[in-house]
Amino acid sequence: MQWSRILRACAVAAAASLALTACGGGGGSSSANLVDKAKNDKKLTIGIKFDQPGLGLKKPDGTYAGFDVDVAKYIAKQLGVDENNITWKEAQSAQREDLIKKGEVDFIVATYSITDKRKAEVSFAGPYFVAHQDLLVRAADNDLTGPESLNGNKKLCSVKGSTPAQNVKDKYAKDVQLLERATYSQCVTSLLNGEVDAVTTDDIILAGYALQQPDKLKVVGKGFTDENYGVGLKKDDTQGRTAINDAITKMEQDGSWAASLKANVGQAKYALPTTPPAIAP
């Protein structure tokens, strides 16, 4: 009889649109704004990259490290969530919008460039970093000083389906030979083996690979595009966006932003930015 009364009560609550609070079924990312969810649940699911050294990397011991990871932890803390209550979810580039829209993550910090196309599907806080397309070359190579120097049948590697390498060929070096690999790690292996002359993508991503082998690799340091990295969250969550922007601003002002950047990629042959980007209005 007791269970019958409980079930009837839940049915009444559901009919009155109060099921989430009356019956304890709430807390999902798809129904609550970010601030309220963090406050009520004291836990978050955050999307990051798992395979980008210096930014978002899943280590062999199962822990996560990198600049994006530090930014995500800092935001979570400002929202009242301890890092031990964060569930990390891999956010591959092609899946990021779907992860947010389906409520599988609460927000994403994963070298996520802010674009008009993406803003039609999700909201962005930030930017918290401005990256630039650049080149990764062998440390002893002083001939490659920028995209124009790839003319003359040089070989350039980028990931299959991406646009950076074609951007170089279209705008800077018509004679460059483009080679595609499935991952940037494979491009780096081809660079070390002498199969290609350079790898191209965002400079901070390249810096992470350079950090792994600083005696063999370096970033040229002549960025030729602007990529504004933002924190992706549910479309039109204005309160969540404001809270994340406040957290990013605080991280920059208290020195944590610069300290994390230096700790994660500061040892690479890459010139770190001296000032953080302005938060978008």
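Up top you'll find the structure we're talking about.
Just so we're clear, the structure is a prediction, and the values are computed from it rather than from any experiment.

Observations concerning the side chain of Asp-106
Checked against the element boundaries, Asp-106 lands in the loop between helix H5 (96-101) and strand S6 (107-108). Judged by relative accessible area, Asp-106 falls into the buried class, the value being 8%. Of the polar contacts made by the side chain of Asp-106, one reaches the side chain of Lys-37; its length is 3.5 Å.

Section: the packing of aromatic side chains
Under the defined criterion, the tally for this structure stands at nine aromatic pairs. The interplanar angle of 70° and the centroid separation of 5.9 Å between the aromatic rings of Phe-67 and Phe-129 together place this pair among those described as edge-to-face. Separated by 62 residues along the polypeptide, Phe-67 in helix H4 (residues 67-78) and Phe-129 in strand S7 (residues 123-131) bring together distant segments of the chain. Across the pair, exposure class does not vary: Phe-67 and Phe-129 are buried alike. Both rings, one in Phe-67 and one in Trp-257, keep their centres 6.2 Å apart while their planes meet at 75°; by these two values the pair is edge-to-face.

Some remarks on the state of the cysteines
Tallied over the full model, the rule gives one disulfide. Covalently, Cys-157 is tied to Cys-187 through a disulfide, its sulfur atoms 2.1 Å apart. Residues Cys-157 and Cys-187 are joined through a disulfide that is left-handed, its torsion about the S-S bond being -70°. Placement of Cys-157 in strand S9 (residues 155-159) and of Cys-187 in helix H8 (residues 184-192) is noted, with a sequence separation of 30 residues between them.

Some words on the nonpolar core
Residues Phe-107, Phe-129, Leu-136 and Ile-204 are the most contacted members of the largest nonpolar core, which totals 55 residues. Broken down by element, this core gets its largest block of residues, seven residues, from H4. Residue contacts for Ile-204: discarding those within four places in its chain leaves Leu-55, Phe-67, Phe-129, Ala-131, Tyr-229, Leu-261, Val-265 and Tyr-270. Counting residues in hydrophobic clusters, the runner-up holds 12 residues, among them Leu-156, Val-176, Ala-198 and Val-220.

Brief notes about H4
Residues spaced three or four apart along an α-helix point in a common direction, a consequence of the helix completing one turn every 3.6 residues. Over its 12 residues, H4 extends 17 Å from the first C-alpha to the last, a length consistent with the 16 Å expected when each residue adds 1.5 Å. Those residues of H4 that sit buried are Phe-67, Asp-68, Val-69, Val-71, Ala-72, Tyr-74, Ile-75 and Ala-76. Just beyond H4, the residue with positive phi is Gly-80, at close to 90°.

Observations concerning the side chain of Lys-49
Locating Lys-49 in the fold gives a position in the loop between strand S1 (44-48) and strand S2 (51-52). Within the buried set, Lys-49 has no salt-bridge partner at all; the shortest N-O distance to an opposite charge, 5.7 Å, is to Asp-51. A distance of 3.1 Å separates the side chain of Lys-49 from the side chain of Ser-93, its partner in a polar contact. In this structure the side chain of Lys-49 is engaged in a polar contact, spanning 3.5 Å, whose partner is the side chain of Thr-111. Those residues in contact with Lys-49 that lie beyond four places of it in its chain are Gly-56, Leu-57, Ala-91, Gln-92, Ser-93, Arg-96, Ala-110 and Thr-111.

Details of the sheet that holds strand S13 (residues 227-233)
What the five strands build is an open sheet, ordered S5-S1-S6-S13-S7; its pairing is mixed. The sheet is open, and its two edges are formed by strand S5 (86-90) and S7, each paired on a single side. In the sheet, S7 pairs with S13 via six bridges, with the strands oriented antiparallel. Each bridged residue has a counterpart across the sheet, and for Ala-125 the counterpart in S13 is Val-231.

Definitions and limits used
- Residues numbered from 1 in each chain as written.
- Predicted model: local features only at pLDDT ≥ 70, side-chain atom pairs only at ≥ 80, totals over all residues.
- Heavy atoms only, no water.
- Helix = DSSP H or I, 4+ residues; strand = E, 2+ residues; numbered from the N terminus.
- Buried < 20%, exposed > 50% of the residue type's maximum accessible area, 1.4 Å probe, protein only.
- Polar contact = N/O pair within 3.5 Å; in protein donor to acceptor, adjacent residues only side chain to side chain.
- Phe/Tyr/Trp six-rings, centres within 6.5 Å; stacked < 30°, edge-to-face > 60°.
- Disulfide = S-S within 2.5 Å.
- Core = buried A, V, L, I, M, F, W, Y, C linked by side-chain atoms within 4.5 Å.
- Contact = heavy atoms within 4.5 Å.
- Expected span 1.5 Å × (residues − 1).
- Lys, Arg positive; Asp, Glu negative; His and termini not counted.
- Salt bridge = Lys/Arg side-chain N within 4 Å of Asp/Glu carboxyl O.
- Pairing = 2+ DSSP bridges.

Shape descriptors only; they carry no functional weight alone.
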